[in-house]
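Working through the structure, step by step
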Amino acid sequence: MAPGCLLSFFCLYCSVISSIRGVFLEPDQDVSLPAGWKYVERASSTDQVLLTFALKQQNVDKLKEKLEQLSNPDSSQYGQYLSLDKLSRLVQPSEETLQTVWTWLGNFGVRNCSVVQTLDFLNCVMSSSTAEKLLIGSKFNRYTNGHQTLIRSNSRYEVPDGVAEHIDFVGGVHRFPPQKSVISKTRKVGQHSEATFHLGVTPSVLRKRYNLSASDVGSHENNSQAVAQFLEQYFHQLDLVEFMRLFGGNFLHRTRVNKIIGRQGGIKAGLEASLDVEYIMSSGANISTWVFSNAGRHELQEPFLNWITLLSNMSSIPWVHTISYGDDEDSLSVAYLKRINIEFMKAGVRGLTILFASGDDGAGCREIKKGKNIFRPSFPASSPYVTTVGGTSFKNPFQITYEVTDYISGGGFSNVFKMPAYQAAAVKSYLKRMKSLPPKTYYNAGGRAYPDVAALSDNYWAVVNLVPIPWVSGTSASTPVFGGILALINDNRFQRGLPALGFINPLLYKIQENGTSGAFFDVTIGCHYGCLDEEAKGKGFCASQSWDPVTGWGTPNYPELLKVLLLEKDHHP
């Protein structure tokens, strides 16, 4: 043992680094350069990087058990959510973990660190040369996609084995932000004579289809909703004013976001950010709305992780969050996926409802070897602890009629997370009754299946930089619409002294398996796309009666959904 270890303060640290063996925390992380990015140069030794250390948490099993109790309407603990202080006491790392990691960092001179209230994330700024010494095997380079630059390592990292048992992963090393954008589809207006004619989806069209009246708006002072934006996606308040002027209809609404967390700037507004804000504020009308703006422009940021850590550091945050963001599940390490999954559990025990878009790639497709493909699930859509929203289209794009599958709607089965108990009966029923399914080798039938629900995702109007934009499509549209509707239901619950909906999936599946609620318009027509090969023939999964992995339970019938989620006696599961 080194002489310095005779000093008690250094004993723990020396025992950690005296081990010769290093441990890969994320050995399965894809370190290849994503499409659209290219190498620029080796990072300078003085370039600053921000690393996020995800410290091992305590009582994860108790956290899971607590969430199951709080989200089960038949439980005596239903809706008795934890404060951030109580959550912190449950999950914060052990003294040994905190001391080990802080001492390890301090020995390399890393002291510019901030910690979240739950103590399970450390955000530390350091030079790239220090980072390379700290994370054995890492090599930081500068990359660009033409309008952003990032500093990332293209090689996997190790930490001493005595440290590895205290850390789940290190953020800011590998992952590149996914390049996601909403879709614009060109349409031709034809001659139509039946149903209600319209020239694209607007708040009035959505309200008519989902049976929201002009009086279905928020009024409770404790209610709130939020969207999260990434990658230099900004909205402009003036766009929201103009959108509501053009499309606000006859319902009470707000024309300003109440709170912005993070940096909100940029000369031009982004289509994705504008769409999210405009539609959560028109479906969840007159409800206090926050925007989490995680710009992602600065090369130090891993923007999605930045949003996650914010949730662990704010005692008062909105009840409903909708996020139009996702990445290929296989591009992320299992350690990262499992830890982010725990973060969603933490949100659930605090009473938050987290909704994610299911994605716009259908079932997805990944070549695992020459001539052999499998479907490609998306994350966080595939997490068992979020509510995932798929997409639909009107059967006739210019009439308010019944809905069919939007062929881009993401859906399928996780290859990492097991099927949760709350959905097992519904999913197994789908797999049993469907006469035509994709080849079994293309998906994991025992995995978490998604989406859970859906809403229109095709042919929207948005206002961006004061210009009305038509034909906007994607689950980036359906997700804030559904989120706003759940925020309205929260409003009604608060007025009756009921708790927030929180993690809603167990309740949704229980209600729907009853089969009598009428809370959703079942989508039974259409398939989404999959692998373009001879075996799958370009088709993924198809819609059917009841739940399916394209549109979930279907789209909301607001009055009936409100009744069942108020847990009124006649509709109690």
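Turning to its location among the elements, Trp104 is positioned in helix H4 (residues 95-107). Residue Trp104 is classed as buried on the basis of its relative accessible area, which comes to 1%. Along the backbone, Trp104 and Val163 are 59 residues apart, and their C-alpha atoms lie at a distance of 7.7 Å.

The N-to-C vectors of helix H13 (residues 475-495) and helix H15 (residues 558-565) enclose an angle of 50°; their axes lie 10 Å apart at closest approach. When the interaxial angle is binned, H13 and H15 end up oblique. The two elements H13 and H15 cross, and the hand of that crossing is right-handed. Only Tyr558, Leu561, Leu562 and Leu565 of H15 make contact with H13, whose side of the interface consists of Phe482, Ile485, Leu486, Leu488, Ile489, Asn492 and Arg493.

Attention now moves to the state of the cysteines. As enumerated under the stated definition, the model contains three disulfides in all. Between the sulfur of Cys113 and that of Cys124 lies a disulfide, 2.1 Å long from S to S. Between Cys113 and Cys124 the disulfide shows an S-S torsion of about 115°. By sign, it is right-handed. You can see Cys113 sitting in strand S4 (residues 113-115) and its partner Cys124 sitting in strand S5 (residues 121-127), a full 11 residues away along the chain. Given a relative accessible area of 19%, Cys113 falls into the buried group. Through a disulfide, Cys527 is tied to Cys542; the S-S separation comes to 1.9 Å. Every disulfide takes its handedness from the sign of the S-S torsion; for Cys527 and Cys542 that torsion is 90°, giving right-handed. Placement of the pair is Cys527 in strand S28 (residues 527-529) and Cys542 in strand S29 (residues 539-542), with a sequence separation of 15 residues.

What counts and how
Residues numbered from 1 in each chain as written. Predicted model: local features only at pLDDT ≥ 70, side-chain atom pairs only at ≥ 80, totals over all residues. Heavy atoms only, no water. Helix = DSSP H or I, 4+ residues; strand = E, 2+ residues; numbered from the N terminus. Buried < 20%, exposed > 50% of the residue type's maximum accessible area, 1.4 Å probe, protein only. Axes fitted to C-alpha atoms, helices over the stretch in contact; angles between N-to-C directions. Parallel < 35°, antiparallel > 145°, perpendicular 65-115°, else oblique. Left-handed = near helix turned anticlockwise from the far one by under 90°. Contact = heavy atoms within 4.5 Å. Disulfide = S-S within 2.5 Å.

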